[in-house]
Amino acid sequence: MTICPPPGMSKKTMKKLLLLDADVIIDLHTLGLFDRISKGFEIHITKTVLDEARYFKSGGTKTGIRIGNRVTVIEDVAVAHLQAVREEAKEARLGIDPGELEAIACWPDWSAAF
């Protein structure tokens with residue numbers, strides 16, 4: 001698959017895409033790095049990941065994570081893809097949480113993950 005930049009945008013100005021899971025989002029917030037990463041990369045997450053990454057702890061304080069306006073949220077993932085990924089994970093004897101399941105199922109070539 002070839003992805004071409006929109007007219008007027010060179011490859012140098014395009015951000016690289018990251019598809020993140022909740023634990024990575026939480027860790028980036030804990031380390032104070034989410035803002036820096038979100039400025040340098042286009043971040044995509046699934047709706048389940050957005051729901052899972054609600055807060056992080058730092059210095060004994062629980063702080064809410066509000067990133068819906070700084071990421072692209074993938075709302076719909078094909079049920080057939082979810083079922084296929086779940087079956088592949090089961091056959092490979094891999095445990096997979098709902099956020100990971102959606103993230104893999106929405107990726108164009110998810111079968112390469114197994």
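Residues numbered from 1 in each chain as written. Predicted model: local features only at pLDDT ≥ 70, side-chain atom pairs only at ≥ 80, totals over all residues. Heavy atoms only, no water.

(A) Region of the structure containing the sheet that holds strand β5 (residues 72-74). Pairing is parallel in the open sheet, where three strands are placed in the order β1-β2-β5. Every other strand in the sheet has two partners, leaving β1 (16-19) and β5 as the edge strands with one partner each. Between one strand axis and the next, the sheet turns through 30° on average, direction left out of account. Summarising the sheet, strand β2 (residues 41-46) and β5 pair through three bridges and their orientation is parallel. In the strand pairing of β5, Thr46 is matched with Ile74. Set on the sheet, helix α5 (residues 98-106) makes contact with β1, β2 and β5; between it and β2 the angle comes to about 120°. (Pairing = 2+ DSSP bridges. Helix = DSSP H or I, 4+ residues; strand = E, 2+ residues; numbered from the N terminus. Axes fitted to C-alpha atoms, helices over the stretch in contact; angles between N-to-C directions. Contact = heavy atoms within 4.5 Å.)

(B) Layout of the side chain of Glu102. Secondary-structure assignment places Glu102 in helix α5. Within the structure, Glu102 has its side chain in polar contact with the side chain of Thr48 (distance 2.9 Å). Sequence-distant contacts of Glu102, defined by excluding residues within four places in its chain, comprise Thr46, Lys47, Thr48, Val77 and Leu82. (Polar contact = N/O pair within 3.5 Å; in protein donor to acceptor, adjacent residues only side chain to side chain.)

(C) Structural detail: the pattern of salt bridges. According to the stated counting rule, one finds two salt bridges in the structure shown. Among the ionic pairs, Arg70 bridges to Asp35, the shortest N-O distance being 2.2 Å. Placement of the pair is Arg70 in the loop between β4 (61-64) and β5 and Asp35 in helix α2 (residues 34-40), with a sequence separation of 35 residues. By relative accessible area, Asp35 is classed as partly exposed at 42%. In this structure, Lys47 engages Asp51 in a salt bridge whose closest nitrogen and oxygen atoms are separated by 3.0 Å. Of this pair, Lys47 and Asp51 both sit in helix α3 (residues 47-52), four residues apart, which is roughly one turn of that helix. (Salt bridge = Lys/Arg side-chain N within 4 Å of Asp/Glu carboxyl O. Buried < 20%, exposed > 50% of the residue type's maximum accessible area, 1.4 Å probe, protein only.)

It is worth stressing that arrangement in space is one thing and function is another; only the former is reported here.
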